Amino acid sequence: MIALWWPALLVPAYMALCGLLKHRLPWNYYHASLGKLTAEKQENADEMLYRMLRPFSTVFAFIAVMTMYTLRLLPQRAQLTVEFFVIMAQVVGVLLLAVPIRRTLTDELGPEDNEGENK
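Residues numbered from 1 in each chain as written. Predicted model: local features only at pLDDT ≥ 70, side-chain atom pairs only at ≥ 80, totals over all residues. Heavy atoms only, no water.

### Things to note about the nonpolar core
Judged by nonpolar contacts, the single largest core of 14 residues is most densely connected at Met15, Ala45, Leu49, Leu53, Leu97, Ile101 and Leu105. Among the elements of the structure, helix H2 (10-20), helix H3 (39-70) and helix H5 (98-109) are those that each provide at least two residues to this core. Of the residues forming this core, the biggest block, seven residues, is contributed by H3. Ignoring sequence-local partners within four residues, the contact set of Leu97 consists of Met15, Leu49, Met52, Leu53 and Phe56. With eight residues, the next largest nonpolar core counts Trp5, Ala8, Leu71 and Ile87 among its residues. (Core = buried A, V, L, I, M, F, W, Y, C linked by side-chain atoms within 4.5 Å. Buried < 20%, exposed > 50% of the residue type's maximum accessible area, 1.4 Å probe, protein only. Helix = DSSP H or I, 4+ residues; strand = E, 2+ residues; numbered from the N terminus. Contact = heavy atoms within 4.5 Å.)

Written out as C-alpha cells, the structure reads:
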C-alpha cells in the first residue's frame, strides 16, 4: 500500500522540510502577484509562510494517509485515480496558501500599489 501511495506523501514532506530549514535556504518563498515587495513586507510574508508550512503539511499528510487506509480494499487502478486527485488537491492547497498571506500583509502593513510599496 505504501509502495502505491508514496507520491501523495511527497508534497507534505517537502513542505515540512522547507518549514524546518526556513532560515538556511537563501531564497524568498513568497512571491507577490502584483510585483516586488518591500524588504519589510517580504520578511513578514516569508515568516507567515514558514509558520503555515508545518501545520498544513501535517494536515495534508493526515488526509493522504486516511484516504490511503480508507481505499485500501479497492482495486489498484481506482486507488491510483484517487491518489492523483489527492495530489492535485495538495498542490492547489499549496498554491492557495498565498491568499491568507496576501490578506494579512494588506491588513498589517497597508495596501500596496502596483510597484509593491506602501501608499
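### Details of a nonpolar patch on the surface
On the surface, a nonpolar cluster with roughly 500 Å² of combined accessible area is contributed by Phe84, Phe85, Met88, Val91 and Leu95. Among the secondary structure elements, Phe84 is positioned in helix H4 (residues 76-95). By relative accessible area, Phe84 is classed as partly exposed at 46%. (Patch = residues over 30% accessible without salt bridge, like charges linked within 9 Å, V, L, I, M, F, W, Y side chains within 5 Å. Areas by Shrake-Rupley, 256 points an atom, 1.4 Å probe, with all protein chains shown as cover. Salt bridge = Lys/Arg side-chain N within 4 Å of Asp/Glu carboxyl O.)

### As for the packing of aromatic side chains
Counted according to the given criterion, the structure contains two aromatic pairs. Note on Phe84 and Phe85: the rings are 5.5 Å apart at their centroids and 70° apart in plane angle, and the pair reads as edge-to-face. Residue classification places Phe85 among the exposed positions, given a relative accessible area of 54%. (Phe/Tyr/Trp six-rings, centres within 6.5 Å; stacked < 30°, edge-to-face > 60°.)

### Structural notes on H3
Given 3.6 residues per helical turn, the α-helix brings residues three or four places apart onto the same face. Spanning 32 residues, H3 covers 46 Å between terminal C-alpha atoms, matching the ideal 46 Å at 1.5 Å per step. Along H3, the helix axis deviates most sharply at Leu53, where the bend reaches about 30°; the proline Pro55 sits within four residues downstream. (Expected span 1.5 Å × (residues − 1). Bend = angle between axes of the 7 residues up to and from the residue.)

### Some remarks on the side chain of Thr67
With respect to the helices and strands, the residue Thr67 is situated in helix H3. Of note is the side chain of Thr67, whose polar atom sits 2.7 Å from the backbone oxygen of Ile63. Ignoring any residue separated from it by four or fewer positions in sequence, one finds Thr67 in contact with Trp5, Val82 and Val86. (Polar contact = N/O pair within 3.5 Å; in protein donor to acceptor, adjacent residues only side chain to side chain.)

### Digging into the packing of H3 against H4
Across the interface, H3 lies against H4 with an axial gap of 11 Å and an inter-helix angle of 170°. Accordingly, the angle class assigned to the pair H3 and H4 is roughly antiparallel. Between H3 and H4, the residues in contact are Phe60, Ala64 and Thr67 and Val82, Val86, Gln90, Gly93 and Val94, respectively. The residue inventory of the contact of H3 with H4, partitioned by class, reads five nonpolar, three polar and no charged. (Axes fitted to C-alpha atoms, helices over the stretch in contact; angles between N-to-C directions. Parallel < 35°, antiparallel > 145°, perpendicular 65-115°, else oblique. Nonpolar A, V, L, I, M, F, W, Y, C, P; charged D, E, K, R; others polar.)

### Here's the deal with H4
The terminal C-alpha atoms of H4 lie 29 Å apart, and with 20 residues this matches the ideal 28 Å at 1.5 Å per residue to within 8%. Residues of H4 that are buried: Gln79, Glu83, Val86, Ile87, Gln90 and Gly93. Down the axis of H4, the buried set is contained in an arc of 120°. They therefore lie on one face. Residues of H4 that are exposed and point more than 90 degrees away from the buried face comprise Arg77, Phe85 and Leu95. (Arc of directions from axis to C-beta.)

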